[in-house]
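# Survey of secondary and tertiary structure
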Amino acid sequence: MTSRGLGLPDHIQACLFDLDGVLTQTAKVHAAAWKQMFDDFLRGWADQHGQRFVGFDQVDDYDRYVDGKPRDDGTRSFLASRGIELPDGGPNDSPDAPTVHGLGVRKNDLVLAKIHQDGVEPYDGSVRYLRATAAAGLRRAVVSSSTNCKDVLVAAGIDGLLDVRVDGVVARERGLAGKPAPDTYWAAAKELGVPPSRAAVYEDALAGVESGRAGQFGFVIGVDRVGQAAELSKHGARRGGERSRRADRGPVIRHPAFQVRPWSLVESALDLAVLAQTESLFALSNGHIGWRGNLDEGEPHGLPGSYLNGVHELRPQPYAEAGFGYPESGQSILNVINGKVMRLLVDDEPFDIRYGELRAHRRELDFQTGILDRTVEWESPAGQVVRVSSQRLVSFPQRAIAAIRYQVEAVDTAVRIVLQSELVANEQLPVAANDPRSAAALGKALILEDGGSLDAAGYLVHRTERSGIRVGAAMNHEVDGPADTSMESTTFHDVARTMVSATLAPGERLTVVKYVSYGWSGTRSLPAIRDQLQAALTLARKSGWPGLCEAQREFLAGFWSNADVRLDGDLELQQAVRFRTFMFCRHPRAARDGRCQRRG
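A quick note: this is a predicted structure, and the numbers were derived from the prediction, not measured.

Before going further, it helps to spend a moment on the environment of Tyr 202. Here Tyr 202 shows up in strand E4 (residues 199–203). According to the relative accessible area criterion, Tyr 202 is buried, its value standing at 5%. Taking C-alpha positions, Tyr 202 is 6.1 Å from Asp 18, a pair spaced 184 residues apart along the chain. Among all residues touching Tyr 202, those that are not within four sequence positions of it are Leu 8, Cys 15, Leu 16, Phe 17, Asp 18, Val 22, Tyr 129, Tyr 185, Ile 221 and Val 223.

This is how it looks when you write it as structure tokens:
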């Protein structure tokens, strides 16, 4: 039999199979174990925190958050969807430990118990297909996130039909990222001696299909066992026998650091050569506040940018000779008070990705939550290693509010941490034009009127010199850290700053939630702007970070229920359409009521 007889293109030389749900009938076992473990945990969490119990959905939650992912990643993903954060713990945690590892151990124990009790059955059709691929001379590998993969293959009696096994144990030993990253599939193809473009991926999990597409494999086949053919197709799988029509085309964003995802924009590594472009791609806005996707620490940057709808400055336009109809001034959008800045010092070393060693850097803009997520692992020039994670949002329901959740973790040694959260006005900007009149007019366009700080809060109020628009920004913080954590706030000229310091032991974390409010007007008084800033901050702190995130998700769920355009069979185009639609959502009208005005 040829590869064509197997429903594959002629250039395919190897087949990479997922395990659960593709080769063996264990997907339902895993789903049932996830449900039992999470439901037991969620009941206790609801009782402890006075919340309503909402159980784990064995179909929707399983497909979206855990299926195909490494056990700990799936646990974190689902808990994050419920606004729950637990410490990672360690691999030796007991099943009763309230940690990510502890929950994973509990789930694994349930799976093993069910397998030992009921055994493992392979799919008859899959066994026949494995034998047919062997007869056709195609090499075969199993790629699974499960640490029990070897035992399952032996129990099912199909271990002899596969040439290579890359599972959760192998991934942990080699430090491979789990699905939806393509690393495990890449490793299997490498062991089989074929490039990804000549290998086919067989997956029943949405995360697995995404990893196949992200890895640019030659063919990705969705195996539908539970009636989700449309979802598999939407995430990038092709129907059996469909020929590749885009084999010679790359992803919509043509940079190796960007991955193709249907509901998010993912950058897996930082490239300073395209920093300015990524700042535009990762920008957040609600139609009133706009924040460019600058790094939290402020530097390096392509162009720092914080904008408010309608806030501008008049730019004089002098001429050597006056003439009738010559405009005397123009209008320029103004970079206002920057509330994004979170400067970090590690044992007196500034966290700057241009120095030391950047071990890992990842950013993801989720179109369904409106949250920009960033994770970094950095080694300072002095050898101290920290892990930084931040989430940033510009609120749709609370239009005057933006917020950041910033967390620092010591990795292998104790470190002294200082975190400086700032409001900064009149930032130095690169000259964007060859016209010296523009630089002279807008170099320092905001005039300080008022500012102050108290405890964890600070504010600044400025006024534009020519257009007469009053602009204010305020911030407040919630801090969670070790017992020695201290905090102080200061204000001077164009900067309001809150400093948080702590000493972190290995594995300890310092978490700071920063709430930022903006107010602006061409007519309201200084006291009125101050009061508006304080009122918006009070409402944001009452909602809290989980409340802001949940309200953001609810708003966008309503938006997507009306605006989503679903495309089958082309994940790259699907990502591009949803990214562009997400940009429409930031239009002032859409940000107010979830609808976009007609154009043209």
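The discussion continues.
Moving on, we get to the packing of aromatic side chains. Taken as a whole and judged by the stated rule, the model has 17 aromatic pairs. When the ring of Tyr 65 is compared with that of Phe 78, the centres are 6.1 Å apart and the planes differ by 65°; the resulting orientation is edge-to-face. Of this pair, Tyr 65 sits in helix H2 (residues 60–66) while Phe 78 is found in helix H3 (residues 71–81), placing the two residues 13 residues apart along the sequence. The pair Tyr 65 / Phe 78 is uniform in exposure class, with both members buried. One aromatic cluster is present, built from ring pairs that chain together Trp 34, Phe 38, Phe 56, Tyr 65 and Phe 78. Here Arg 578 stacks its cationic end above the ring of Trp 263, 3.7 Å away from the centre of that ring.

Quick look at the sheet that holds strand E24 (residues 495–504) now. Spatially, E14-E13-E19-E24-E23 is the arrangement adopted by the five strands of the open sheet, whose pairing is antiparallel. Edge positions in the sheet fall to strand E14 (349–350) and strand E23 (486–492), since each has one partner strand and no second.

Here we come to helix H9 (residues 206–214). Extensive coverage of H9 is indicated by the burial of nine of its nine residues. Along H9, the positions that sit buried rather than exposed are Leu 206, Ala 207, Gly 208, Val 209, Glu 210, Ser 211, Gly 212, Arg 213 and Ala 214. Just downstream of H9 lies Gln 216, where phi reads positive at about 60°.

Moving on, we get to helix H1 (residues 27–49). Compared with an ideal rise of 1.5 Å per residue, which puts 23 residues at 33 Å, H1 spans 32 Å between its outermost C-alpha atoms and is within 8% of the ideal. Those residues of H1 lying buried are Ala 27, His 30, Ala 31, Ala 33, Trp 34, Met 37, Phe 38, Asp 39, Phe 41, Leu 42, Trp 45 and Ala 46. Buried residues in H1 make contact with H2, H3 and helix H4 (100–118). Two residues or fewer after H1 comes Gly 50, characterised by a positive phi angle close to 65°.

What follows covers the sheet that holds strand E3 (residues 164–166). Note: strands within a sheet are paired through backbone hydrogen bonds, in either parallel or antiparallel orientation. With respect to topology, five strands assemble into an open sheet ordered E3-E2-E1-E4-E5, the strand pairing being parallel. Looking at the sheet topology across the chains shown, the edges are occupied by E3 and strand E5 (219–222). The average undirected angle you get between the axes of adjacent strands in this sheet is 20°. Summarising the sheet, E4 and E5 pair through four bridges and their orientation is parallel. Looking at the pairing, Glu 203 lines up with Gly 222 of E5.

Basis of the calculations
Residues numbered from 1 in each chain as written. Predicted model: local features only at pLDDT ≥ 70, side-chain atom pairs only at ≥ 80, totals over all residues. Heavy atoms only, no water. Helix = DSSP H or I, 4+ residues; strand = E, 2+ residues; numbered from the N terminus. Buried < 20%, exposed > 50% of the residue type's maximum accessible area, 1.4 Å probe, protein only. Contact = heavy atoms within 4.5 Å. Phe/Tyr/Trp six-rings, centres within 6.5 Å; stacked < 30°, edge-to-face > 60°. Lys NZ or Arg CZ within 6 Å of the ring centre and 35° of its normal. Pairing = 2+ DSSP bridges. Expected span 1.5 Å × (residues − 1). Axes fitted to C-alpha atoms, helices over the stretch in contact; angles between N-to-C directions.

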